[in-house]
Each structure stands twice: as structure tokens, then as C-alpha cells.
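Letter by letter, the chains look like this.
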Amino acid sequence: MKVNQTRLSNLPEHWKIKTIAAASEIPVSNGLYKEQDCYGKGPRMIHMTEVFAHDFISDQSMPHVALNDRELGKYLLKDGDLVFARRSLKPEGAGDVALVSPTGAMSFESSIIRARLKKDISSRFVLEYLKSPYGKAQMMTLVRQVAVSGITGEDLKKYQIPIPPLPEQKKIAQILSTWDQAITATERLLENSQQRKKGLMQQLLTGKKRLPGFEGEWVSSRLDELFTFKKGKGLSKSALVENGNHKCVLYGELYTKYGEVIRDVVSRCDDQDGLASKRGDILLPSSTTTNGIDLANATAVIEDGILLGGDIIVLRPIKQQDPIFFSHLITHIKKHEIAARAQGITIIHLYGSDLKDLVVKIPAKEAEQKVISEIMTTADKEIVGLSQRLASLKQEKKALMQQLLTGKRRVQVEAA
């Protein structure tokens, strides 16, 4: 197979390299600045918020901005236009792109750059290339990184894209679109599962909905009537080693790596300086630099002997309780009460003594706690499965993009 030698890669015969300027039907241009008193009526106007949030912009809600006749002629968007974010606080956000399919009149503001491609170039193909690892890497070479990272229209004009013949462009875009549909469908299933779990928690963890076979009023208890309070110790990040002899948990991991249950411990150490867990312990972080709500991320330990580092509050049951039930109850029903007890500005602290008089309402029988926790566990398994499926689809699409969008893997195009 003959190839064209380019600085991008070795491309198949008949593929061309075009800059965005050369591929554009009209000059690449910045959007329009309008004063605030122009807002409220007129066509919808795309801002960077929409570009960062969506790959495809069509019927989303956005501000309406009045335009005069000259502006209507110059700044209205058409189906297939590409819009780029000029600036971003994060370097990877500069040059982010979305494909426009307007439903009604739509314009774009001054922080947006528009490119309108020629008829023999598929906007969807170009979007996929721009979103691919190759495309993003090339964009980063054009981004000017100062206090706010950005890209100019002149820089964007120089951006180079490998362009196959139009039928091949369309076929590649169609294949990648199929993957996008699978990803979107899985995202919706995941969102539905998360919402379903949220609804179950609000009903089951408060006693508003009772399960068959259980009757009687729930009882109110202070946490110090149900648990003794302990504190983790030692174990800084420097103690972590890849193949350490002991499983361990650091406080920051409670709101970054675990949900309501520690099932698979992700960290290990050789250091033995830590509080050994007991099955049934409930863990909460005691400090954060972000948000007091993070301190209400309760995590149930279902394994003995895990070393618990400093800045971890440990609630150890006085009598048999279902730990998974309590971790969900504290995290989702009591989180705002717990956050209100935290103290600090730059670093927010929570102490075991802050929680001792916290009142929880719970089933009188542990059996009811256990059945509720089993329902939560089933919901969690569904969410984890869908999350893994979504991650797999995204990774598979990423690998496919790197093959198809550079010509390393060819597609079959039916003869006209």
C-alpha cells in the first residue's frame, strides 16, 4: 500500500493533510461580544460552558441575546459548524470543540471560535479526530499556557487534520457514532441505577417504606450508645509500598477511592503502625481541605486486620449491628448534620466527640438492617457493573479512534 509521508503519521494513499484554514468554507472567526443589556431576547448564544459540557450542541438551554441585521448575517451558526473554546483555566480545556446542529437561530460569543468546513469534509469525522488522543495532543502544541490557557483563531487555522476521501470519512464517523450510542445508552442506564439507589435509600433508610415481614417502630439512639469511638494512627503516604505485607487505608482514600463499603483494599504497606480494623467498624475521615460533606463519607469495614491510618474516626460496634446499613445511613441520611458539626476554614476537622450525641433512627431488629443492606449491596453491584462496562466502552472506542482516524486500520466502503 502506498503511503503519504507526513509529520503526523504514515497515511494511506488518497488521504490528505489539510489545515483547518484550508478545510474551511469561510474564514475561521471569533464570536461576538454583547453587553448584558442585550441578553434576554433574540437567538440563543453559545458560551464556553456549552462547549465544555457537550460534544453536540443542538437544543440545549442557553442565554438569548439580541442581534442586529449585520450580526445576524455574520454570526448565526449552521448545521455542521464546529465551535472551539478559546480559553480555559485548565490547559486541556483550551481548544475543546463541539459540533453544532441548531434547532432555531443560534449565535456564538467572543470566547468561541467557529470553523465551517467545506462540503467534501465530514464535520463528524473532524470532530472525532479532534476528540481523539492524537487530535488532543496536537491541540496542546498550539495552546498558549499563561494564567488562563488559550488558543487563537490564527493558531487554530494551522491545525492539521488527516483527511481521507469523503465516503471513508462518513464510514469512520458512522462506526464511531455507533460506539457513542452504546456509551450514551450505558451512561443513561448508570444514571438510572444511581437514581434508583438514591430513591431506595430515602425510603428504606428512614423507615418510610417497610419491607415485608417487619413491623414495629424504629428506635432512636445516640451513636455513643451503639459504638465506641477510636482513632486511626500513623501511616503516612510515604509508608505505602506496592507489594507491602499489610493492607492499609489512609484517611483521604475514604472519600476518593471507596464507597460505603471497603471490599477490595487498594493500598499496602510494610509498616505496622496503624490501628487494626475489626469487621463491622465504620470509618469516617476526620479532616479535609475541600468540603465538610466529605467528612460524612462513612465506610464499612468487612474484614479484620486492615491497618487504619491517622485522621480516621473509627466507630466500633458495642453490640452486633449491620455495618453496611450504618455506612449508608450515615453517608446519605446524616451527612448534612455531620457536615454542620465540622470546624475550620482552610482545613476542615471533625472529631469523634462531635459525633457521640448524633441521634440515628434504626430498626429494632438487626435482621431488618441486614435485609436493607442486602438491597443496597445489590444496587451497588449493578452500579459497579455498569461503571465498568462504561469504562470498557470508552477505552475500546479510544483504541478504535487511534486506528481508524490515522488510517492504520482501514474501513470497507461500498462502491458508488
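Throughout, a residue's number is its position along its own chain's written sequence, starting from 1. Reporting of local features is limited, given that this is a predicted model, to residues whose pLDDT is at least 70; pairs of side-chain atoms are given and counted only at 80 or more, and all residues count toward the totals for whole chains, interfaces and linings. With hydrogens and water set aside, each side-chain value is computed from the structure's full complement of heavy atoms.

Draft legend 1. Molecular detail of the overall build of the protein. A tally of regular secondary structure across the protein gives 12 helices and 27 strands. Here the protein has a C-alpha radius of gyration of 28 Å; the compact-globule value for 416 residues is 22 Å, and the former is much larger. The buried label goes to any residue with under 20% of its type's maximum accessible area, the exposed label to any with over 50%, and the partly exposed label to all in between, with areas taken from a 1.4 Å probe on protein chains only. Residue burial in the protein is summarised as follows: out of 416 residues, 47% are buried. The criterion used for residue contact is that any of the two residues' heavy atoms lie within 4.5 Å. Taking the contacts inside the protein whose residues are at least 6 apart along the sequence as the reference set, 77% of them involve residues at least 24 apart. Charged residues are defined here as Lys and Arg on the positive side and Asp and Glu on the negative side; His and the ends of the chain fall outside this count. One atom stands in for each charge, and that atom is NZ of Lys, CZ of Arg, CG of Asp or CD of Glu. When the 60 positive and 49 negative side-chain charges of the protein are each reduced to one mean point, those points stand 4 Å apart. Each helix is a run of H or I in the DSSP string that is no shorter than four residues. Each strand is a run of E no shorter than two, and both are numbered from the N terminus. Atoms counted for the radius of gyration: C-alpha only. Globule rule: 2.2 Å times the number of residues to the power 0.38.

Draft legend 2. Representation of the nonpolar core within the structure. Core analysis: the largest hydrophobic core is formed by 34 residues, its most contacted members being Leu 82, Phe 84, Val 126, Leu 156 and Tyr 159. Contributing elements (two or more residues each) for this core: helix H1 (20–23), strand E8 (82–85), strand E10 (97–100), strand E12 (112–115), helix H4 (123–131), strand E14 (160–163), helix H7 (166–204) and helix H12 (366–404). When residues of this core are assigned to their parent elements, the largest contribution, 5 residues, is made by H4. The contact partners of Leu 82, leaving out residues within four places of it in the chain, are Val 97, Ala 98, Leu 99, Ile 113, Arg 114, Ala 115, Leu 117, Ser 123, Val 126, Leu 127 and Leu 130. Take the buried Ala, Val, Leu, Ile, Met, Phe, Trp, Tyr and Cys residues and link them wherever side-chain atoms come within 4.5 Å; each set so joined is a nonpolar core. Within the second largest apolar cluster, 33 residues are counted, among which are Phe 227, Leu 315, Phe 326 and Leu 329.

Draft legend 3. Spatial organisation of unusual backbone geometry. Here the phi dihedral of His 14 falls at roughly 80°; this positive angle occurs in a residue that is not glycine. Note on placement: His 14 falls in the loop between strand E2 (10–12) and strand E3 (16–19). Residue His 14 is classed as exposed on the basis of its relative accessible area, which comes to 56%. In the Ramachandran plot, Asp 311 falls in the positive-phi region, its phi being about 60° despite a non-glycine side chain. With respect to the element layout, Asp 311 can be found in the loop between strand E24 (307–308) and strand E25 (312–317). By relative accessible area, Asp 311 is classed as partly exposed at 28%.

Draft legend 4. View of the pairing of strand E21 (residues 282–285). Here E21 shows two buried faces, one formed by Ile 282 and Leu 284 and the other by Leu 283 and Pro 285. Strand pairing is assigned whenever DSSP identifies at least 2 bridges connecting the two strands. Relative to E25, E21 runs antiparallel, the two being bridged by 4 bridges. Bridge pairing in E25 places Leu 283 opposite Val 314.

Draft legend 5. Looking closely at the side chain of Thr 331. Looking at the element boundaries, Thr 331 is found in helix H9 (residues 323–333). Pairs of N or O atoms within 3.5 Å make up the polar contacts considered here, provided that, within protein, one atom can donate a hydrogen while the other can accept it, and that residues adjacent in sequence are counted only when both atoms are side-chain atoms. Of note is the side chain of Thr 331, whose polar atom sits 3.4 Å from the backbone oxygen of Ala 296. Separated by 2.9 Å, the side chain of Thr 331 and the backbone nitrogen of Ala 298 make a polar contact. With sequence-adjacent residues up to four places away left out, Thr 331 is seen in contact with Glu 260, Ala 296, Asn 297 and Ala 298.

Draft legend 6. Seen up close, H9. Buried residues dominate H9, accounting for 9 of its 11 residues. Three or more residues of H9 are buried, namely Pro 323, Ile 324, Phe 325, Phe 326, Ser 327, His 328, Leu 329, Ile 330 and Thr 331. If you check the start of H9, you find a side-chain oxygen 3.3 Å away from the backbone N of Ile 324, and it comes from Asp 322.

Draft legend 7. Expanded view of the environment of Gln 203. Its location among the elements puts Gln 203 in helix H7. Gln 203 sits 68 residues away from Gly 135 along the chain, and the two C-alpha atoms are 47 Å apart. Those residues within four positions of Gln 203 in sequence are excluded, and the remaining contacts are Lys 208 and Lys 209.

Draft legend 8. A look at the packing of H7 against H12. Fitted lines through C-alpha atoms give the axes, limited to the stretch in contact for helices. The angle between two N-to-C directions lies from 0 to 180 degrees. For the pair H7 and H12, interaxial distance at closest approach is 9 Å and the crossing angle is 165°. The pairing of H7 with H12 is recorded here as roughly antiparallel in orientation. Crossing geometry of H7 relative to H12 is assigned as left-handed. Charged residues are taken to be Asp, Glu, Lys and Arg, nonpolar residues to be Ala, Val, Leu, Ile, Met, Phe, Trp, Tyr, Cys and Pro, and polar residues to be all remaining types, Gly included. For the contact of H7 with H12, the residue count by class is 22 nonpolar, 4 polar and 10 charged. The labels follow the angle: roughly parallel below 35 degrees, roughly antiparallel above 145, roughly perpendicular from 65 to 115, and oblique for the rest. Should the near helix be turned anticlockwise from the far one by less than a right angle, the crossing is left-handed, and should it be turned clockwise, the crossing is right-handed.

Draft legend 9. The pattern of salt bridges, seen in detail. The term salt bridge refers to a pairing of a side-chain nitrogen on Lys or Arg with a carboxyl oxygen on Asp or Glu at a separation within 4 Å. A complete count under the given rule lists 23 salt bridges for this structure. Ionic pairing is found between Glu 25 and Lys 119, a salt bridge with its closest N-O pair at 2.8 Å. Linking Glu 25 in the loop between H1 and strand E4 (29–30) with Lys 119 in the loop between E12 and H4, this pair joins segments that are 94 residues apart in sequence. For Glu 25, a relative accessible area of 37% corresponds to the partly exposed category.

Draft legend 10. Structural context of the sheet that holds strand E5 (residues 39–46). Spatial ordering of the open sheet is given by E7-E5-E11, a layout of 3 strands whose pairing is mixed. Edge positions in the sheet fall to strand E7 (64–65) and strand E11 (106–108), since each has one partner strand and no second.

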